[in-house]
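Residue-level listing of the chains:
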Amino acid sequence: MPACIAVLRLVCADQRDRAAFAACLSTEVVAMEVDGGLEWCVEAERASDLRAVLNTSLRSLIAADEVLHRPPRS
């Protein structure tokens, strides 16, 4: 059993957005749908490894959000 565990929870009302956010991390961790949002459980043996996985996951979520919600081009 890993020594370090973190849970990411994202509340997102739009089903299309939820699917996109779940897909952006699908190669790293499996998203669980919970109460109108998503939850990811991230595990690692050491805290430094957990930090690295969380950083990568958060960057992926930020990139997906920027694609989904960027302002229209003029």
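Our subject is the structure listed above.
Residues numbered from 1 in each chain as written. Predicted model: local features only at pLDDT ≥ 70, side-chain atom pairs only at ≥ 80, totals over all residues. Heavy atoms only, no water.

1. Things to note about the pairing of strand 3 (residues 37-44)
- As paired elements, strand 1 (residues 4-11) and strand 3 share eight bridges and run antiparallel to each other. Each bridged residue has a counterpart across the sheet, and for Val-11 the counterpart in strand 3 is Gly-37.
- Where strand 2 (residues 31-34) meets strand 3, four bridges bridge the pair, whose relative direction is antiparallel. Pairing of Met-32 across the sheet is with Glu-39, part of strand 3. (Pairing = 2+ DSSP bridges. Helix = DSSP H or I, 4+ residues; strand = E, 2+ residues; numbered from the N terminus.)

2. With respect to the side chain of Asp-17
- Take Asp-17: it is sitting in helix 1 (residues 15-24).
- Arg-16 is the oppositely charged side chain nearest to the buried, salt-bridge-free Asp-17, at an N-O distance of 4.3 Å.
- Side-chain polar atoms of Asp-17 contact the side chain of His-69, separated by 3.0 Å.
- Leave out the neighbours within four places in its chain, and Asp-17 touches Cys-12, Leu-68 and His-69. (Buried < 20%, exposed > 50% of the residue type's maximum accessible area, 1.4 Å probe, protein only. Lys, Arg positive; Asp, Glu negative; His and termini not counted. Salt bridge = Lys/Arg side-chain N within 4 Å of Asp/Glu carboxyl O. Polar contact = N/O pair within 3.5 Å; in protein donor to acceptor, adjacent residues only side chain to side chain. Contact = heavy atoms within 4.5 Å.)

3. A look at the sheet that holds strand 3
- The strand order across the open sheet formed by three strands is 1-3-2, and the pairing between neighbours is antiparallel. Strands with a single pairing partner mark the edges of an open sheet, and in this sheet they are strand 1 and strand 2. On average, each strand axis in the sheet is tilted by 25 degrees relative to the strand beside it, whichever way the strands run.
- Each of strand 1, strand 2 and strand 3 touches helix 1; the most contacted strand, strand 3, lies at about 15 degrees to it.
- Sheet strands in contact with helix 2 (residues 47-69) are strand 1 and strand 3, and its direction is about 15 degrees off that of strand 1. (Axes fitted to C-alpha atoms, helices over the stretch in contact; angles between N-to-C directions.)

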